[in-house]
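Coordinate analysis (summary)
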Amino acid sequence: QVQLVESGGGLVQAGGSLRLSCAASGRTSSIVMGWFRQAPGKEREFVAALSWNGGSTHYIDSVKGRFTISRDNAKNTVSLQMNSLKPEDTAVYHCALSTRYYNGISAYTGTDKYDYWGQGTQVTVSS
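Residues numbered from 1 in each chain as written. Predicted model: local features only at pLDDT ≥ 70, side-chain atom pairs only at ≥ 80, totals over all residues. Heavy atoms only, no water.

Topic: the pattern of salt bridges
- A complete count under the given rule lists six salt bridges for this structure.
- Here Arg66 and Asp89 are joined by a salt bridge, their closest N and O atoms 2.8 Å apart. Placement of Arg66 in the loop between strand 6 (57–59) and strand 7 (67–72) and of Asp89 in the loop between strand 8 (77–82) and strand 9 (91–98) is noted, with a sequence separation of 23 residues between them. Each member of the pair, Arg66 together with Asp89, is buried.
- Shared partners join several salt bridges into a network, and the residues in it are Arg37, Glu45, Arg66 and Asp89. (Salt bridge = Lys/Arg side-chain N within 4 Å of Asp/Glu carboxyl O. Helix = DSSP H or I, 4+ residues; strand = E, 2+ residues; numbered from the N terminus. Buried < 20%, exposed > 50% of the residue type's maximum accessible area, 1.4 Å probe, protein only.)

Rendered as structure tokens:
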């Protein structure tokens, strides 16, 4: 059984920074780790993805240059460094793990590409 546990969310003023972490436990072959977010009344939205072995990354346009996804294989964690936060970044952030191969890191933007999900951590950005 694979478990993903997020941490690091909180309340921050616009322009501030937060670092989210996702700890993975259990036996599985992780191909890609991703971060998604869901604001109230909206669908879950792709934010960033990282290939576990190759280090390839992909981001939604609205966070490029502000967010950075990274991994620590020894600790089985993936992080999302979020800088220059905006009120529109407010959402519950979920990490996700995919055990399947698709054609390139940019193919991992749909929720259907992932097999395991964390419960999420709240990020609130005040104006």
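Moving on from the model shown.
A word on the sheet that holds strand 7
- If you trace the four strands from one edge of the open sheet to the other, you get 1-3-8-7, paired in antiparallel fashion. Looking at the sheet topology across the chains shown, the edges are occupied by strand 1 (3–7) and strand 7. The mean angle between the axes of side-by-side strands here comes to 15°, regardless of whether they run parallel or antiparallel.
- Note that strand 1 and strand 3 (residues 18–25) share five bridges and pair antiparallel. Bridge pairing links Val5 to Ala23 in strand 3. (Pairing = 2+ DSSP bridges. Axes fitted to C-alpha atoms, helices over the stretch in contact; angles between N-to-C directions.)

Quick notes on the state of the cysteines
- In the structure shown here, the tally under the stated rule is one disulfide.
- Note that Cys22 is cross-linked by a disulfide to Cys95, the S-S spacing being 2.0 Å. Negative torsions about the S-S bond denote left-handed disulfides, and the value of about 50° found for Cys22 with Cys95 makes this one right-handed. Of this pair, Cys22 sits in strand 3 while Cys95 sits in strand 9; the two residues are 73 residues apart in sequence, bridging distant segments of the chain. Each member of the pair, Cys22 together with Cys95, is buried. (Disulfide = S-S within 2.5 Å.)

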